[in-house]
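Breakdown of the fold
Listed here are the chains, written in short residue letters.
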Amino acid sequence: ATGVRAHNYLQSRGVTKADILKWKIGYCFDGEYRNRIIIPSFDEDGDCSYFIARSYTGDSYKYKNPRASKDIVFNELFIDWNSDLVLVEGVFDALVAGNAVPILGSTLRKGSKLLREIVRNDTPIYIALDPDAADKERKIIKTLLEYDIEMYKIDISGYEDVGSMTKQQFEQRKNNATIIDNDNYLLLDLLSAV
């Protein structure tokens, strides 16, 4: 019955069987991560570098993650650095967004592995953070502008996050993304302060 509940939860989040196989999603029915969906992250060599443990039973702590460094590129093994990369908040957002990296609730720190890879590969970035993360988003935009990275902002308004969209809805929003450069960033920043 536990497996059915875990699968039903994933289905309710729009996660397909293909997503489960690609992302190697599992669940724990016992132990420290009991009643949690496990979404592993693999580094460029295919080794597990981190994982997300998400409750599917309404536990008061949605996430219980390992005490390990988050200075990783989540699922780096699957990232195509020569294609557009979407920065999202969490793993369920990344499942919808395709070639995407969840920043796992943190920001894009200078010197972080993710920032180093973006700069090294000169990867065009689409930013699609949750609507309630405006401050975090501005800091990330400011950091990326310092490195002259081609950047776009995806409008998430009307949704809780990318993970609550269908893949088609997300693609439509991505196709209508706004380019961000030094000129319009200052304008966006001023407007958001109003």
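Here goes a summary of the coordinates provided. (Residues numbered from 1 in each chain as written. Predicted model: local features only at pLDDT ≥ 70, side-chain atom pairs only at ≥ 80, totals over all residues. Heavy atoms only, no water.)

**A closer look at the side chain of Arg-36**
Selection rule: Helix numbers and strand numbers start at the N terminus; a helix is a DSSP run of H or I with at least 4 residues, a strand a run of E with at least 2. N or O atoms closer than or at 3.5 Å make up a polar contact, with two conditions inside protein: a donor-capable atom paired with an acceptor-capable one, and, for residues adjacent in sequence, both atoms drawn from side chains. Contacts were defined at the residue level, with two residues in contact if any of their heavy atoms lie within 4.5 Å.
Topologically, Arg-36 is positioned in strand 2 (residues 36–42). Only 3.3 Å separates the side chain of Arg-36 from the side chain of Asp-59, close enough to count as a polar contact. Setting aside chain neighbours within four positions, we find Arg-36 in contact with Gly-26, Tyr-27, Cys-28, Ala-53, Arg-54, Ser-55, Tyr-56, Asp-59, Tyr-61, Lys-62, Tyr-63 and Lys-64.

**A few points about the packing of aromatic side chains**
We count it as follows: Only Phe, Tyr and Trp rings are paired, with Trp represented by its six-membered ring, and only when their centres lie within 6.5 Å; those with planes under 30 degrees apart are stacked, over 60 edge-to-face, the remainder tilted. Classification of residues uses two cut-offs on accessible area relative to the type maximum, computed with a 1.4 Å probe and protein chains only: under 20% is buried, over 50% is exposed, and between them is partly exposed.
Applying the stated criterion across every chain, the model contains 4 aromatic pairs. Consider the rings of Tyr-9 and Phe-92, whose centres lie 6.1 Å apart with planes at 85 degrees: the pair is edge-to-face. Of this pair, Tyr-9 sits in helix 1 (residues 2–12) while Phe-92 sits in helix 3 (residues 91–97), and the two are 83 residues apart along the sequence. Side by side, Tyr-9 and Phe-92 carry an identical accessibility label, which is buried.

**Notes on the pairing of strand 6 (residues 125–128)**
The following threshold applies: In this description, strands pair whenever DSSP reports at least two bridges between them.
Side-chain alternation along strand 6 places Ile-125 and Ile-127 on one buried face and Tyr-126 and Ala-128 on a second face that is also buried. Relative to strand 6, strand 4 (residues 85–88) runs parallel, the two sharing 4 bridges. Looking across to strand 6, one finds that Val-88 is bridged to Ala-128. Here 3 bridges tie strand 6 to strand 7 (residues 151–153), and the two strands are oriented parallel to one another.

**Notes on helix 5 (residues 134–146)**
Short version of the rule: Multiply 1.5 Å by the residue count of a helix minus one, and that product is the helix's expected span.
A rise of 1.5 Å per residue sets the reference length of helix 5, with its 13 residues, at 18 Å; its end C-alpha atoms lie 19 Å apart and thus fit the reference within 8%. Every buried residue of helix 5 is accounted for by Lys-136, Glu-137, Ile-140, Ile-141, Thr-143, Leu-144 and Leu-145. Just downstream of helix 5 lies Asp-148, where phi reads positive at about 55 degrees.

**Comments concerning the sheet that holds strand 2**
Stated formally: For helices, the fitted line uses only the C-alpha atoms of the stretch in contact; every axis is such a line through C-alpha atoms, and the angle between N-to-C directions lies from 0 to 180 degrees.
One open sheet accounts for 3 strands, arranged 1-2-3; its pairing is antiparallel. The sheet is open, and its two edges are formed by strand 1 (26–28) and strand 3 (48–55), each paired on a single side. Neighbour-to-neighbour, the strand axes of the sheet open up by a mean angle of 35 degrees, direction not taken into account. Relative to strand 2, strand 1 runs antiparallel, the two sharing 3 bridges. Across the sheet, the residue bridging to Tyr-27 is Ile-37, located in strand 2.

**Overview of the environment of Lys-22**
In this structure, Lys-22 sits in helix 2 (residues 17–23). Spatially, the C-alpha atoms of Lys-22 and Arg-67 are 25 Å apart, while their sequence positions differ by 45 residues.

**Re the side chain of Glu-76**
Inspection of the secondary structure puts Glu-76 in the loop between strand 3 and strand 4. When residues no more than four places from it in sequence are discounted, the contact partners of Glu-76 are Phe-42, Asp-43, Glu-44, Trp-81, Lys-113 and Glu-117.

**With respect to the environment of Tyr-152**
Mapped onto the fold, Tyr-152 is located in strand 7. C-alpha separation for the pair Tyr-152 and Asp-181, spaced 29 residues apart in sequence, amounts to 8.6 Å. Aside from chain neighbours lying at most four places away, what touches Tyr-152 is Ile-125, Tyr-126, Ile-127, Ala-177, Thr-178, Ile-179 and Ile-180.

**Section: the sheet that holds strand 7**
Read from one edge to the other, the open sheet built from 5 strands follows the order 5-4-6-7-8, with strand pairing classed as mixed. In this open sheet, the two edge strands, each paired with only one partner strand, are strand 5 (100–102) and strand 8 (178–180). Neighbour-to-neighbour, the strand axes of this sheet turn through a mean angle of 30 degrees, independent of strand direction. Two elements, strand 7 and strand 8, share 3 bridges in a ladder whose sense is antiparallel. Each bridged residue has a counterpart across the sheet, and for Met-151 the counterpart in strand 8 is Ile-180.

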